[in-house]
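Breakdown of the fold
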Amino acid sequence: MNEPQPVPPNRRRFLKLTAVGAGAAGIAGTGALAGAGQAAAVTSGLTALTHPGVLHSRTDLDRIRSKVAAGTSPWTDGYDVFAADFFSRSTYTVAGGRATVTRGTSPEDGNAELWYDCNAAYQNALMWYITRDTAHATKALDIIKSWTNALREINGKDAELAAGIYGAKLAAAVEIMHYTGPAGSWSPTELADTVAMFENIFVPLINIYGDGGYGLMGLKGMFQIAVACNNLTLFNDAYNAFQTHSCCGLTKLIQPGTGQCCESGRDQAHTQLILGSLAEICQTAWIQGLDLYGASDSLLLSGFEYTAKYNLGNTVPYDAGFGRCNWHWSAVSTTGRGTFRPIYEMAYNHYVKRAGRSAPYTTQVAAGLRPEGAPFQCDHPGFGTLLFSL
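Thresholds, definitions, all that
Residues numbered from 1 in each chain as written. Predicted model: local features only at pLDDT ≥ 70, side-chain atom pairs only at ≥ 80, totals over all residues. Heavy atoms only, no water. Helix = DSSP H or I, 4+ residues; strand = E, 2+ residues; numbered from the N terminus. Buried < 20%, exposed > 50% of the residue type's maximum accessible area, 1.4 Å probe, protein only. Contact = heavy atoms within 4.5 Å. Areas by Shrake-Rupley, 256 points an atom, 1.4 Å probe, with all protein chains shown as cover. Axes fitted to C-alpha atoms, helices over the stretch in contact; angles between N-to-C directions. Parallel < 35°, antiparallel > 145°, perpendicular 65-115°, else oblique. Left-handed = near helix turned anticlockwise from the far one by under 90°. Nonpolar A, V, L, I, M, F, W, Y, C, P; charged D, E, K, R; others polar. Core = buried A, V, L, I, M, F, W, Y, C linked by side-chain atoms within 4.5 Å. pLDDT = per-residue confidence, 0-100.

1. A look at the overall build of the chain
Counting its regular elements, the chain contains 14 helices and four strands. In the chain, which comprises 390 residues, the proportion classed as buried is 58%. Across the chain, every contact between residues at least 6 apart in sequence was considered, and the portion connecting residues at least 24 apart equals 78%. Roughly 13600 Å² of accessible area belongs to the chain as shown, and the carbon and sulfur atoms make up 51% of that amount.

Following this line, the structure appears as structure tokens:
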């Protein structure tokens, strides 16, 4: 086991991490969270947000629908997997809503119910747009409204993870239904109540932007929620953190020059969680007219290539001095090596098909996974062959 050695955190809470990996004992990190933060603020320069604009633009949604209707591969291959998924069914039974959701502290009351429902709301929203079957629209809105009406608190040691990860998925559902749902299906008051739920319950938990992947989950949630709430102030806050934050900004998560992830020594599942979440941020920003995919000389592409190369069985360099602010590992982890998360189509389609970049390892993984299937729990959109093929 490649156990990390902690640097005592001096932040408002201890950042929970269970470290696993291969190699000798870890080494202490040199950067403490006490000094973490953002440099002089940078803003997106946007004066308004584009809608729908969380993961999928109107053009994206129309492409998906038209390709499926025309029976065009690989969209139809992806659709077959997507439509058969448990969470895509209009007959899905709503699990929530609950007044309280607890993650990371036993008992985790309401935790599974929330991420189940977030998946179902998002996937039924997409099914509504693709099929125009109002049963899917009704299901997506029933889920959104049930949580809006019930939820009062998210708590537990991992409350930030719940608010960030689940909030991002729920925001994607809200965005589709707000701007494409059947006329009269969602009143202005109901919509305002959903915005208030995001801003009053989710946002206060995720805007502390903690260390490494933990902080990134809040950052992802903030990007998606900001767009769904049409809140440019929140969007600029997330944009600033992505560009400048010293513990969860892009250049802290992926090492310039190598593509090593700050959690490459932890395990390959969390490494890919980071890469996929960064891709979600970049995809949403792209719709807003911002090229975060190209930030820091397309650093995200380097991260995908490094991780895909290693998980395909190749040797990669490893810098034990690069890790999280409070945790470093002494060797790249073999835990989960060769198990690929469904995150590669989004990166492949942007960098190779849209931008014309070379990404041989990402391309190989994407081809091997095609058609991409469901995400692990609620961590990603999944189903990238259907949703992100160009």
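2. Some remarks on the environment of Ile-176
If you trace the backbone, Ile-176 turns up in helix α5 (residues 159-180). Take Ile-176: its relative accessible area is 1%, and that puts it in the buried class. Taking the C-alpha atoms as reference, Ile-176 lies 8.2 Å from Tyr-122; in sequence the two are 54 residues apart.

3. Re the packing of helix α4 (residues 134-150) against helix α6 (residues 188-206)
Close contact between α4 and α6 brings their axes to 9 Å; oriented N to C, the two are set at 60°. Classed by the angle they form, the pair α4 and α6 counts as oblique. Considering only the axes of α4 and α6, their crossing is left-handed. For the pair α4 and α6, contact is made by Ile-144, Lys-145, Trp-147 and Thr-148 and by Glu-190, Asp-193, Thr-194 and Met-197, respectively. For the contact of α4 with α6, the residue count by class is three nonpolar, two polar and three charged.

4. Things to note about the nonpolar core
Membership of the largest hydrophobic core comes to 112 residues, with the highest contact counts inside it found for Ile-154, Met-177, Phe-242 and Leu-300. The contact partners of Met-177, leaving out residues within four places of it in the chain, are Ala-125, Trp-128, Ala-137, Ala-140, Leu-141, Ile-144, Pro-182 and Trp-186.

5. Concerning the confidence of the model for the chain
Averaged over all residues, the pLDDT of the chain is 91; the fraction at 70 or higher stands at 90%. Taken together, the stretch residues 1-36 has pLDDT below 50 and engages in 106 contacts with residues farther than four places along the chain or on a different chain.

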